[in-house]
Every structure is written in structure tokens, then in C-alpha cells.
Amino acid sequence: MKLAVIDIGSNAIRFQVTNVIEYDGRLSFKKLEYIRFPLRLGNDVFRLKKIGSDKEDRFFRLMNAFKLLIDLYEVDDYYACATSAMRESENGRVIVKKVKQLLDLDIHIINGQEEAKFINNIVLKGLDRSTYLHIDVGGGSTELNIIDRNKNVKSKSFRLGSVRSIEQSSATFEIEQMSEWIKSHLAGNYTNIKAIGTGGNIQKLYDLGKKTSKSNIGNLENLEATYQYLISLSTEEKVNKLRLNPDRADVIVPAGRIYIEAMKAAGADKILVPDVGLKDGIMQMLYEKHIPDTLLKLKT
């Protein structure tokens, strides 16, 4: 069984095809195709409230390429979703309708709660019964989940993201609102809170921390040290010295600030950084949707 996911974010658009292999009574998963394209829809939306004609044309051509790959791989099922940039765009739903009419490709514009649920479902797997604050920073929104004893007890989506932070001046206010929400739901209610960070920027911050420090890279102190080091560099230095992609180099600092402030508000000193994201949560949803068929095949 082959499954495909299209994750249309505010900074980048991700596409993945996975083969679910059923053999000798066992299941395994093999990534057949992965593409990350930095279209950055949020540049238009967070400044102009809509997707401009140039970005719309490039978006349509990208969706056409993904539709061709879905057909060529003979995918059994797929799910395409769009997050904050598309849902806030004045012409987002018109563009989605046009893609459906011309390419027969369904795109679901999901809200922040749905986005948080998709990501949280994949993060929950393998956790112990401790208390965690799951922080997912995207280009246009930040999703928070409070997890206790393997259960999600509270979720909140904030209009706060890495691309939005460089296009709008409201980041400080939103960070204050986020911090107050965290304190009001965690302070006095839970102890020994750990953070979980997902998103491309925390993964890159984590990788950079391993290169620049010999201390425990999964803690707040090292994250802050890496953040301060990045502040000292220009965008050009981040690209040429650290080999960051241009679409990562200008957003990693504002994203790092969000993770740090969230951890401080929670009183969390340690952070886990699993290499998962929205596309993985959606892939899990697609797989679970087909579990009855899979189990039936394994029994016969």
C-alpha cells in the first residue's frame, strides 16, 4: 500500500510518498519520495492578506508536479492539507477550488486545533507518563499541547510563527499571550515538566547545538547559547558559514525565540527533539484509516 502526504505550510511545502510493506506477518514503512519546496506563501499572506499572482502560479505548478507523482507512484490514498497561510489568505479557498477543478487534487484547509492534533498523535507514541509541553513552531502558527500520563489534556494554537514574525510586528504581544497561557495551565498543576520541540527550526537548532557545544544539547541553556550565537551572525553568514538554506537562515532566530520563551514559561529545562512533523502525523492518520484492510490481508 502506498500513501502520500502534501503539507502546505507558510514557509515550505512538503511532499512524501511512503510504501507500507506487508510481508511474512509484519509491517514496515519505506520512504519512496520526499520533496521540500520553499515557496513561502506566508510572505504574501502576512503582509498583503492574500496570495499574489506569482506565488499562485508557482503553487499551481507545484501541485501539478505532486499530482503527477501521486499518479506515477500509483498511490492508494493521499491527504493534502494547508495551514495558517492558506486559511488566512483572502483568496486561499478560491485557489484550492481551482486546484480541485483543474487537477482533481483535494486540498483540506485545516484549523490550528486540527494541526495540533495531527502532530500530537505522532508525538505521543513512545512517551513515558511524565508531563510534557509539546511546542510546534511553524511559519505562521505555533501549536501547544500539554501532555500528562500519555494523554493530551490541553491544546492551543497561536498566530505566532517564524515567517509571520519577520513579516509582522505583533510577535512580542503574541509571545506574551502564549506565555500567559502556558503559566495559567501549568503553574501549580504539574511538576518536572519537559518540553518537546517539533518543526524544522528546532531540528536545525538541535543539530547546530551538537556542533557548537559539548554540553547536554537537549536543555534550555544550550538552546539559548545556540540562539545567541545565531543572533551574532548575519543572514549571509548563516547561509555561507553554517550552510543553512536561505529560507531557514532568516527565520531560525525568531523561531528559536518562541521555543525558548515557551520553555521558560513552563519552567522546563530539558527539551526532546523527535524528527517528526505534521506530514508524519497525517501519514499516521492515513495508515490507521487503512488498518482494517491491512489486518485482513495479513490474516488471509
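That block above? That's the structure.
Anyway, here's the lowdown on the structure attached to this text. Quick caveat: nothing in here was measured; it's all calculated off a predicted structure.

This part takes up the pattern of salt bridges. Applying the stated criterion across every chain yields a total of 15 salt bridges. Salt-bridge contacts for Asp247 lead to Arg36; the nearest nitrogen and oxygen are separated by 2.7 Å. Taken together, the residues span a long stretch of sequence, with Asp247 in helix α11 (residues 246-249) and Arg36 in strand β3 (residues 26-37) at a distance of 211 residues. Owing to a relative accessible area of 23%, Arg36 belongs among the partly exposed residues under this scheme. Residue Lys264 is joined to Glu224 by a salt bridge in which the shortest nitrogen-to-oxygen separation is 3.0 Å.

This next bit is on the sheet that holds strand β6 (residues 131-137). Judged by pairing direction, the sheet is mixed, and its five strands sit side by side in the order β8-β7-β6-β9-β10 without closing on themselves. Sheet topology places β8 (151-158) and β10 (271-272) at the edges, where each strand pairs with a single neighbour. Where strand β7 (residues 142-148) lies against β8, seven bridges are found, and the strand directions are antiparallel. Residue pairing across strands places Leu144 opposite Lys156, the latter belonging to β8. Strands in contact with helix α5 (residues 112-123) are β6, β7, β8 and β9 (194-198); relative to β7, the strand with the most contacts, it is inclined by about 50 degrees.

Criteria and cut-off values
Residues numbered from 1 in each chain as written. Predicted model: local features only at pLDDT ≥ 70, side-chain atom pairs only at ≥ 80, totals over all residues. Heavy atoms only, no water. Salt bridge = Lys/Arg side-chain N within 4 Å of Asp/Glu carboxyl O. Helix = DSSP H or I, 4+ residues; strand = E, 2+ residues; numbered from the N terminus. Buried < 20%, exposed > 50% of the residue type's maximum accessible area, 1.4 Å probe, protein only. Pairing = 2+ DSSP bridges. Contact = heavy atoms within 4.5 Å. Axes fitted to C-alpha atoms, helices over the stretch in contact; angles between N-to-C directions.

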